[in-house]
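Breakdown of the fold
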Amino acid sequence: MENELQVRRLKTGDFLKIAGMIGQMSTDVIRNMTATTTEYQAGILFLSSALKQCEKEIKELLADLVGKKPEEFAEMPFDVPIQILDAVAEQEDMQKVFLQLKGLMKKFFPKS
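First things first, this report covers the structure right here in the doc. Computed from a predicted model, the values in this text were never measured in an experiment. (Residues numbered from 1 in each chain as written. Predicted model: local features only at pLDDT ≥ 70, side-chain atom pairs only at ≥ 80, totals over all residues. Heavy atoms only, no water.)

This part takes up the overall build of the protein. Per the secondary structure count, the protein includes five helices and zero strands. Listing each helix as α and each strand as β along the protein from the N terminus yields α-α-α-α-α. In terms of overall dimensions, the protein has a C-alpha envelope of 55 × 25 × 20 Å along the principal axes. A total of 112 residues make up the protein; the buried ones form 21% of that total. Considering only residue pairs separated by 6 or more positions, the protein has 59% of its internal contacts joining residues 24 or more positions apart. Taken as a whole, the protein presents about 8,800 Å² of accessible surface, with 60% of it coming from carbon and sulfur. Of the charged side chains in the protein, 15 are positive and 17 negative, and the gap between their average positions amounts to 10 Å. (Helix = DSSP H or I, 4+ residues; strand = E, 2+ residues; numbered from the N terminus. Buried < 20%, exposed > 50% of the residue type's maximum accessible area, 1.4 Å probe, protein only. Contact = heavy atoms within 4.5 Å. Areas by Shrake-Rupley, 256 points an atom, 1.4 Å probe, with all protein chains shown as cover. Lys, Arg positive; Asp, Glu negative; His and termini not counted. Charge placed at Lys NZ, Arg CZ, Asp CG, Glu CD.)

Next comes the structure, spelled out in structure tokens:
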């Protein structure tokens, strides 16, 4: 892409949107996983479920992250969603966020 893509940082509202999308997808992903599912396969299941169940919400969020309307976003180059996700991963310490979430889940749902 000729111009550098400007991706804004995630906000609390984005977190809530993403959490809602994950909630919509989780049942579908869990239903299709087996004991032998690899991380890569789980990622593919997650992505396909996300696109099947939350396509509109994903397009709206990605468009908003780069200051575009969903219609404008739909006309952007094919690799723009990957560029956006890559920029978000670099801006935010995603590993730290997921580790914090994991710790929080352990507090809410301790093993008996």
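Counted under the stated rule, the structure contains one aromatic pair. Judged by centre distance (6.4 Å) and plane angle (55 degrees), the ring pair of Phe-108 and Phe-109 falls under tilted. For Phe-109, a relative accessible area of 60% puts it in the exposed group. (Phe/Tyr/Trp six-rings, centres within 6.5 Å; stacked < 30°, edge-to-face > 60°.)

This part takes up the side chain of Ser-49. You can see Ser-49 is positioned in helix 2 (residues 39-65). Dropping the residues within four chain positions of it, Ser-49 is found in contact with Met-25, Asp-28, Val-29 and Cys-54.

Below, the discussion takes up the nonpolar core. With 17 residues, the main nonpolar core has Leu-5, Val-7, Leu-65, Phe-73 and Ile-84 as its most contacted residues. When contributions to this core are tallied by element, the ones reaching two or more residues are helix 1 (12-32), helix 2 and helix 4 (80-91). The dominant element in this core, judged by the number of residues it contributes, is helix 2, at six residues. (Core = buried A, V, L, I, M, F, W, Y, C linked by side-chain atoms within 4.5 Å.)

In total, this model carries four salt bridges according to the counting rule given. Between Arg-8 and Asp-14 there is a salt bridge, with its nearest N and O atoms 2.6 Å apart. Here Asp-14 falls in the buried class, since its relative accessible area comes to 3%. Residue Glu-55 pairs with Lys-59 through a salt bridge whose shortest N-O separation is 2.9 Å. Of this pair, Glu-55 and Lys-59 both sit in helix 2, four residues apart, which is roughly one turn of that helix. Given a relative accessible area of 40%, Glu-55 falls into the partly exposed group. Connected through salt bridges with shared partners, the residues Arg-8, Asp-14 and Asp-64 form a single ionic network. (Salt bridge = Lys/Arg side-chain N within 4 Å of Asp/Glu carboxyl O.)

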